[in-house]
Amino acid sequence: HIELEAQGLLSSPQDYTIVLSALARRRMGDRALALLDSMSRHGPAPNVIHFNAVISSCEVAADWERALSLLDRMRAFGLPPDTISYNTAISACAKGGQWQVAIEMLCQMMPAAVVPNVVSFSAAIDACARGGEWEQAMVLLGCMQSLGVPPNNVTMNSTIAACAQSGQWELAIVLLEGMEHMYLWPDNVSYTAAMRACARASRGAEALALLQRMWQMGVQPDPVSYSTAISACEKAGEWAGALAALEEMRQVRLLPDVVCCSAAISACEKGSQWNRALDLLDLMLLWDGVAPNAFSFNAAISACEKCGKWQQALRLLPNMQELGVAPDAVSFNSAMKACGESGQWAQALMVLRGMAALRVDATVVSFSTAIGACEKQGLWAIALELFGDLLAAGLPLDPICLGLGVRICEQAGEWEAAGALLEGLSQESATSSRSMATGGEGIGNGGVRDTHASMPAVPSSGGDSGGDARQSWGWEFALQVLARQPARSRGSAAVAHRVRAWCHVQRGQAQAGADAGQADSARTKAPPSAEEDVRSESASSGRARGWEEALQLLASARRGLGGAAPELGAGREAIRACARA
């Protein structure tokens, strides 16, 4: 446009209108705005049509903020925005995901003496549909009727789409049927939007009924319509309906795409129809242009897993690679689960190692699945090592993983490792990052020992009493680390119950010996420190059954030490006070 201006080819306002409109259609909003600025400085003076053309370029680019600024700029030039100005700005807000701003712009039209039309309401309802605000869309539809503005197909389709976003399938069908009473004929978009609402609500039968209704009303379904109906059947677990819709596509000479086939395979997976899932996967290879993707294979592997067909699940992994489809974590996890459920723990571990070979990052689910396979066979030592690898990988743990780790350590007789696992949850994420940076040890290479290294040392005792001392220290230490866990980790009641029950077994055996050891140690010590005073007072409170006072002393000690935790002895006496009470 600079060259056109230099050559004098842009002289009249009509010339500028043509160039601005062309720039808007070609998504050249910056150039259109630059040309508008040039008109403002050098003339001719821009009019409403020129501004509307530039606002149109903002609508195409979903640049709602610039569109609103242009409306303000029009007012500054003494040019009141017209209906087209507002409609285009509202559409820009809709595409930019700003449904609140779109409704605000619609409400500004009447005070500005600009009457909103069906395009105005349709654009605002479309903004609500994109934002999933079906209630607001229904309110706007009612406002149209109050103002005597009749809706059109675009309006109704947008309202149905708003209902679809929130799974309001019954309301979507009512709106679809109401279109006929308004002398509006539902089109493919109308029916597909209603079927999408059924899919969101897992209403497969209703989606198939709408598909048949399309044929009855003379509306030709397209692959998107069938894909939506099949997806509804998949979410509802209606594998027979999904396969029937897929077969109907072939009968009407519509080639199913990968989305349709993948949804049908997933429906078979939910219906435990592993053989039909594999047959459909084979058919995809025979159809032109319908190559299975990772989702297709993952659904087939999951179908085999649910039916205990671990051999078939494992075969699909190399098949994926042969077709150039890279297996992801979901693929490996489903295959491992199939092996674990069938007692094939060695195969599960092989799949876990295969992930590293293909440079697929193992997830918490990956480790948990492999650990569960070993746990089912009573292979506690291997399961414990796998859990150590999970910690070394620096993956975030949840209460379920925590419970799994404690259960494994309990069965393996490794109470120290259980304490380490509990303590590991309260460590900073930087600790996990350092483990990864130094190359955490792999399966069978002592991952749990790395975790032990960050734990307080277990008190040692010479002679034959060493075992008793370690046993006494174990249950107290477990309670201590349990109390130090964040609230989100302590929220697992099952884990807390298991740890406390485990500690209770040790408590009776260790009480007398521990008390005697504390008394001997007190006679030989130097003048007590602040922490030792707390410990002594906690013990006195315990003997007097003042368990509440013991806990208060422990809390005051933490405050007196600047927020640092008191030493193990103070916590020990507080725990004893609670136990005696």
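Look above for the structure.
Scoring rules and cut-offs
- Residues numbered from 1 in each chain as written.
- Predicted model: local features only at pLDDT ≥ 70, side-chain atom pairs only at ≥ 80, totals over all residues.
- Heavy atoms only, no water.
- Helix = DSSP H or I, 4+ residues; strand = E, 2+ residues; numbered from the N terminus.
- Contact = heavy atoms within 4.5 Å.
- Areas by Shrake-Rupley, 256 points an atom, 1.4 Å probe, with all protein chains shown as cover.
- Core = buried A, V, L, I, M, F, W, Y, C linked by side-chain atoms within 4.5 Å.
- Buried < 20%, exposed > 50% of the residue type's maximum accessible area, 1.4 Å probe, protein only.
- Disulfide = S-S within 2.5 Å.
- Expected span 1.5 Å × (residues − 1).
- Arc of directions from axis to C-beta.
- Axes fitted to C-alpha atoms, helices over the stretch in contact; angles between N-to-C directions.
- Parallel < 35°, antiparallel > 145°, perpendicular 65-115°, else oblique.
- Left-handed = near helix turned anticlockwise from the far one by under 90°.
- Nonpolar A, V, L, I, M, F, W, Y, C, P; charged D, E, K, R; others polar.
- Salt bridge = Lys/Arg side-chain N within 4 Å of Asp/Glu carboxyl O.

Enquirer: Give me the lowdown on the overall build of the protein chain, citing residues and values where you can.
Expert: Broken down by element type, the protein chain carries 33 helices and zero strands. Within the protein chain, contacts between residues at least 6 apart in sequence are counted, and of these 65% link residues at least 24 apart. Total accessible area computed for the protein chain in this model is approximately 27700 Å², and 53% of it derives from carbon and sulfur atoms.

Enquirer: Now, about the nonpolar core: what can you tell me, with residues and values included?
Expert: The biggest cluster of nonpolar side chains holds 138 residues, and the ones touching the most others in it are Leu70, Ile90, Ile160, Ile230, Leu246, Ile265 and Leu316. For this core, the element with the highest residue contribution is helix α8 (residues 118–130), accounting for eight residues. Excluding its chain neighbours within four sequence positions, the residues that come into contact with Leu246 are Ile230, Pro256, Cys260, Cys261, Ala264 and Leu280.

Enquirer: Outline the side chain of Ser91, listing residues and values.
Expert: Mapped onto the fold, Ser91 is located in helix α6 (residues 83–95). When its relative accessible area of 18% is taken as the criterion, Ser91 is described as buried. Residues within four places of Ser91 in sequence aside, it is in contact with Glu59 and Ala123.

Enquirer: Lay out the state of the cysteines with the relevant residues and their values.
Expert: As enumerated under the stated definition, the model contains zero disulfides in all. The structure places no disulfide on Cys261, whose sulfur is separated from the nearest cysteine sulfur, that of Cys260, by 6.6 Å. Residue classification places Cys261 among the buried residues on the basis of a relative accessible area of 0%. Of all cysteine sulfurs, the one in Cys304 lies closest to Cys307, which takes part in no disulfide; the gap is 7.5 Å. The exposure class of Cys307 is partly exposed, given its relative accessible area of 27%.

Enquirer: Could you give me a rundown of helix α9 (residues 134–146), with the residues and numbers involved?
Expert: Its 13 residues place the ends of α9 19 Å apart at the C-alpha level, agreeing with the 18 Å of an ideal helix rising 1.5 Å per residue. Buried residues of α9: Ala137, Leu140, Leu141 and Met144, and no others. One face of α9 carries all of its buried residues, which in axial projection span an arc of 105 degrees. Across α9 from its buried face, at more than 90 degrees, point the exposed residues Glu135, Gln145 and Ser146. Looking one or two places after α9, you find Gly148, whose phi comes out positive at around 75 degrees.

Enquirer: Explain the packing of helix α7 (residues 99–109) against α8 to me, and be specific about the residues and the numbers.
Expert: Where α7 contacts α8, the two axes come as close as 8 Å, and the packing angle between them is 160 degrees. Accordingly, the angle class assigned to the pair α7 and α8 is roughly antiparallel. Note that α7 runs across α8; the crossing there is left-handed. Residue-level contacts link Trp99, Ala102, Ile103, Leu106 and Met109 of α7 to Ser120, Phe121, Ala124, Ala127 and Cys128 of α8. Its residues assigned to classes, the contact of α7 with α8 comprises nine nonpolar, one polar and no charged.

Enquirer: Describe the pattern of salt bridges, naming the residues involved and giving the relevant values.
Expert: Counted according to the given criterion, the structure contains nine salt bridges. A salt bridge links Lys270 to Glu234; the shortest N-O distance between them is 3.1 Å. Of this pair, Lys270 sits in helix α16 (residues 258–270) while Glu234 sits in helix α14 (residues 223–236), placing them 36 residues apart in sequence. Exposure remark for Lys270: the relative accessible area of 39% places this residue in the partly exposed category.

Note that all results are geometric; they support no functional claim without further evidence.
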